Amino acid sequence: MSILRNIENDITEMMCKLGYNIEKVNLQPSGRPELGEFQINDAFSLAKENHCNPREIAEKIVTELEKDGRFHNLNIAGAGFINLSLTEEFYLEALKELSKDIKSNIDMEPAKKIIIDYGGANVAKILHVGHLRSANIGEALKRLARLLGMEVIGDVHLGDSGLQAGMVVSEMKERYPELPCFKENYQGEDFSLPITSDDLSVIYPTASKKAKENEEKMEEARNITYEIQKGHLGYSTIWNKVKELSLPEIKRIYEELNTSFDLWEGELDSFLYIPDMLKYLEEKNLLEVSEGATIMDIKEETDKKEMPPIILVTSNGASVYATTDLATIYGRMKRFSPDEIWYLADSRQDLHFEQVFRASKKSKITTEATRLEFVGFGTMNGSDGKPFKTRDGGVMTLRDLISLVNEETRKRLNPMITDEEEQKKISKMIAIAALKYADLLPYRTTDYIFEPSKFADLEGKTGPYLLYSTIRMNSLLKKARNEGYNNYEIKKLKNETDKEILQTLLNMPRILKKSYDVKSLNDIAEFLYKLTSTYNKFYSENHILTSKDEELKTTWLALTDVVYKTCLLLLDVLGISVPEKM
Ligand code: ARG
């Protein structure tokens, strides 16, 4: 249990003994540090319940707290705000605890099995800026949930059953009609694709343009898509080959973003469950036919807005986005029975997910207890406030986006790094840190503006600042080890910034919990900046290695070690890796 939670439990118990009915006291970092480091505001709600004066209750609590050796500077402000600080002995004990294991300062959440559906790359299309946040936020949430004790399965849920399948195959047919898969009597004989993955980046846009301009082409694309969904041998074979060809580049980009998945499944994998699912819904009398399409009504009495029915089979028999998502849930419940499924996608997909979730609750594909959650996010915009585009107005690919940031980090690389390979590697790592940190810093649903030179800056709330500071902590520790310091005795503090660092660290479990609850990483990103900048202030105020006071020196080394490890831990949660030097 975290150090702060432990104290809170003790105070809660004490208050219960005083006869107050309180579930959990809240020890908050003080908004007015001049009055004390922490505050307790529970006297107010208790006063209401007990029909008395909050100050009276606050006084009783303070009298008890004075008997506890861990607090000092106890005072009551205003009508009943309790302020208090923790003693130096307490902070030293806390530092000892953290030195043993920084993870002891984490409050585990009740264990659950969670599937996180994120990434969402589309086969044969290029990964673009719209996929960035899904990867970054999803990966970080996965890591955070695991840190807090959850069992998590990450699934990339590839988009592979949509219209792009028909478009690409139709274009392939036009270019290479002689391929065996297009023969009338195709029996499944193997063949190799006459294209490379680079060609693919031309084939899809060409096909898509043709279909948009020509209704006949569009019709053909629809038909082929439908045939692929039904398992047409020739079309499925070539589509699978295209998928194989497109995956390495998708995987490479995810790897660059430190994003990895337990399952590499896609929409097409859900087709295994569609017939069963439709039968199940049919038996429950939930399906209707409207203008040839099979739909399900999902209106609820309390609805304030229009809620269109969910379309499961189109009039020509095809499955759509909602069908595959519902069938995926059907399959996931059968295979994994998760407690929760989280979906990471652009906030504009809100309605789609609401429809799917309603359908799965109404049909009891999921249980009453299963939690389905849409974790929507805002867009990364250009300076014009619209989703970020290339200079000529095209879709910005993730590959190019990373390069843009890389150009900036390259400019700022330490000139002492001369080896070209090393330069490349380190500047790429810094670029990823810059991009990811900037992406996770705003609250999840907030849009933000892409500013590569700001993201890459070594000063301010940026990934490079955090990396630089973390590396500096490590080199300080290395120097200390070279001087023979390995175990750091924890003896005393200077009662200034060193204490502020410890206060910050004590607050970490709360930050983790809040991030987990709201499924946004912004508080962790802010926390890392606060911890790092407080440490840097301390670093510039004190000469740690040359301190003549051995007791201070070893305590400070212990503190540095704890801050360093905490930074590594939280950077890792954000999916940011730290280079050896920069
Ligand atoms: N492939 C989709 C897209 O690019 C995102 C998938 C989100 N996940 C889901 N289960 N629908 O928009």
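Residues numbered from 1 in each chain as written. Predicted model: local features only at pLDDT ≥ 70, side-chain atom pairs only at ≥ 80, totals over all residues. Heavy atoms only, no water.

Colleague: Help me out: how do you make sense of the overall build of the chain in this one?
Modeller: Assigned secondary structure in the chain consists of 20 helices and 13 strands. Along the first, second and third principal axes, the C-alpha set of the chain runs to 85 × 70 × 40 Å. The buried share of the chain, taken over its 582 residues, is 54%. Pairs at least 24 residues apart make up 73% of the contacts formed inside the chain by residues separated by at least 6 positions. Each charge class in the chain can be summarised by its mean position, and for the 78 positive and 94 negative side chains these summaries are 2 Å apart. (Helix = DSSP H or I, 4+ residues; strand = E, 2+ residues; numbered from the N terminus. Buried < 20%, exposed > 50% of the residue type's maximum accessible area, 1.4 Å probe, protein only. Contact = heavy atoms within 4.5 Å. Lys, Arg positive; Asp, Glu negative; His and termini not counted. Charge placed at Lys NZ, Arg CZ, Asp CG, Glu CD.)

Colleague: Explain the site of the ligand to me, please; I cannot follow it from the model alone.
Modeller: Near the ligand, the surroundings consist of D117, G120, N122, H131, H157, Y321, D325, Y343, Q349 and F353. Between H131 and the ligand, the recorded distance is 3.2 Å, taken from a side-chain N or O atom to an oxygen atom. One of the side-chain nitrogen or oxygen atoms of Y321 is found 2.8 Å away from a nitrogen atom of the ligand. Considering the ligand on its own, with 350 Å² of exposed area, one finds that the protein chains cover 87% of that surface. Tallied by class, residues from the shell around the ligand come to three nonpolar, five polar and two charged. (Near = heavy atom within 4 Å. Polar contact = N/O pair within 3.5 Å; in protein donor to acceptor, adjacent residues only side chain to side chain. Areas by Shrake-Rupley, 256 points an atom, 1.4 Å probe, with all protein chains shown as cover. Nonpolar A, V, L, I, M, F, W, Y, C, P; charged D, E, K, R; others polar.)

Colleague: Honestly, the packing of helix α9 (residues 233-256) against helix α13 (residues 398-411) in this entry has me stumped. Any pointers?
Modeller: With their axes 11 Å apart at the nearest point, α9 and α13 run at an angle of 35° to one another. For the element pair α9 and α13, the recorded crossing hand is left-handed. Note on element contacts: α13 touches α9 through L398, R399 and I402, opposite E249, R252, I253 and E256. Looking at the contact of α9 with α13, its residues break down into three nonpolar, no polar and four charged. (Axes fitted to C-alpha atoms, helices over the stretch in contact; angles between N-to-C directions. Left-handed = near helix turned anticlockwise from the far one by under 90°.)

Colleague: Can you walk me through the packing of helix α5 (residues 132-147) against helix α14 (residues 420-440) in this structure?
Modeller: When two helices pack together, their arrangement is given by the angle between the helix axes and by the axis-to-axis distance. Taken N-terminus to C-terminus, the directions of α5 and α14 make an angle of 80°; their axes are 10 Å apart at the nearest point. Here α5 is positioned roughly perpendicular relative to α14, judged by the angle of their axes. Contacts between α5 and α14 pair L132, R133, N136, I137 and A140 from the former with L435, K436, D439 and L440 from the latter. Here the contact of α5 with α14 is built from residues that sort into five nonpolar, one polar and three charged. (Parallel < 35°, antiparallel > 145°, perpendicular 65-115°, else oblique.)

Colleague: How should I be thinking about the sheet that holds strand β10 (residues 340-346) in this particular structure?
Modeller: Within a sheet, each strand pairs with its neighbour through backbone hydrogen bonds, oriented either parallel or antiparallel. With parallel pairing, the four strands of this open sheet are ordered in space as β6-β5-β10-β11. The strands lining the two open edges of the sheet, one partner per strand, are β6 (151-155) and β11 (371-377). The sheet shows a mean angle of 20° between the axes of neighbouring strands, taken without regard to direction. With five bridges joining them, strand β5 (residues 113-117) and β6 adopt parallel strand pairing. Considered in β6, the bridge of I114 is made with V152. (Pairing = 2+ DSSP bridges.)

Colleague: Teacher, can you tell me more about the side chain of S85 here?
Modeller: Checked against the element boundaries, S85 lands in strand β4 (residues 81-86). You can call S85 buried: its relative accessible area is 4%. Ignoring any residue separated from it by four or fewer positions in sequence, one finds S85 in contact with G36, E37, R70, F71, H72 and N73.

Colleague: How should the nonpolar core be read in this particular structure?
Modeller: Across soluble globular proteins, nonpolar side chains show a tendency to be buried alongside one another. Counting residues in hydrophobic clusters, the biggest one holds 195 residues, and the most contacted among them are I11, I238, W239 and L401. Among the elements that make up this core, the one with the highest residue count is helix α20 (residues 550-573) (13 residues). (Core = buried A, V, L, I, M, F, W, Y, C linked by side-chain atoms within 4.5 Å.)

Colleague: Help me out: how do you make sense of the sheet that holds strand β9 (residues 310-313) in this one?
Modeller: Strand order in this open sheet of three strands is β7-β8-β9, and the pairing throughout is antiparallel. Sheet topology places β7 (287-290) and β9 at the edges, where each strand pairs with a single neighbour. Taking each pair of neighbouring strands and ignoring which way they run, the sheet shows an average axis angle of 45°. Pairing of β7 with strand β8 (residues 293-296) involves four bridges; the strand directions are antiparallel. Across the sheet, residue E288 finds its bridge partner in β8, namely I295.

Colleague: Is there a simple way to think about the side chain of R358 in this case?
Modeller: With respect to the helices and strands, the residue R358 is situated in helix α12 (residues 350-362). At a separation of 2.9 Å, a polar atom in the side chain of R358 contacts the main-chain carbonyl oxygen of I298. Those residues within four positions of R358 in sequence are excluded, and the remaining contacts are I298, K299, E300, D303 and M307.

Colleague: Can you walk me through the pairing of strand β3 (residues 71-77) in this structure?
Modeller: As a general feature of sheets, a regular strand has side chains that alternate between the two faces. Bridging between β3 and β4 involves five bridges; their strand directions are antiparallel. Its bridge partner lying in β4, H72 is registered against S85. Counted along the chain from β3 to the antiparallel partner β4, the turn is three residues long, and its residue G78 has a positive phi close to 55°.

Colleague: Can you walk me through the pattern of salt bridges in this structure?
Modeller: Side-chain pairs of opposite charge can arise whenever the charged atoms involved come near each other. Here the structure, examined in full by the defined rule, presents 57 salt bridges. D10 serves as the salt-bridge partner of R70, at 2.9 Å between the closest nitrogen and oxygen. Residue R70 is found in the loop between α3 (54-67) and β3, and its partner D10 is found in helix α1 (residues 3-17); the two are separated by 60 residues along the sequence. Exposure remark for D10: the relative accessible area of 30% places this residue in the partly exposed category. Residue D549 is joined to K492 by a salt bridge in which the shortest nitrogen-to-oxygen separation is 2.8 Å. Of this pair, D549 sits in the loop between α19 (522-541) and α20 while K492 is found in the loop between α16 (463-482) and α17 (497-506), placing the two residues 57 residues apart along the sequence. According to the relative accessible area criterion, D549 is partly exposed, its value standing at 25%. Of the residues examined, K492 reaches a relative accessible area of 27% and is grouped as partly exposed. Each of E171, E174, R175, K210, K217 and E220 takes part in salt bridges that share partners, so that together they form one network. (Salt bridge = Lys/Arg side-chain N within 4 Å of Asp/Glu carboxyl O.)

Colleague: How should the environment of L46 be read in this particular structure?
Modeller: Considering the arrangement of structural elements, one finds L46 in helix α2 (residues 43-50). Apart from the residues lying within four places of it in its own chain, the contact partners of L46 are M15, Y20, N21, I22 and I57.

Colleague: Would you mind showing me how to read unusual backbone geometry here?
Modeller: What you tend to see is this: most non-glycine residues have negative phi, and most peptide bonds are trans. At N73, a residue that is not glycine, the phi angle is positive and equals roughly 60°. By secondary structure assignment, the location of N73 is in strand β3. The residue N258 is not glycine, and still its phi comes out positive at about 55°. You can see N258 is positioned in the loop between α9 and α10 (274-283). For N258, a relative accessible area of 23% gives the class partly exposed.

Colleague: What should I look at first to understand α20 in this one?
Modeller: Each full turn of the α-helix corresponds to 3.6 residues, which orients residues three or four apart in the same direction. For α20, with 24 residues, the first-to-last C-alpha span of 35 Å sits near the 34 Å given by 1.5 Å per residue. With 19 of 24 residues buried, α20 is to be regarded as a mostly interior element. The backbone nitrogen of E551 lies 3.1 Å from a side-chain oxygen of the residue at the head of α20, namely D549. G575 occupies a position one or two residues after α20 and carries a positive phi of about 80°. (Expected span 1.5 Å × (residues − 1).)

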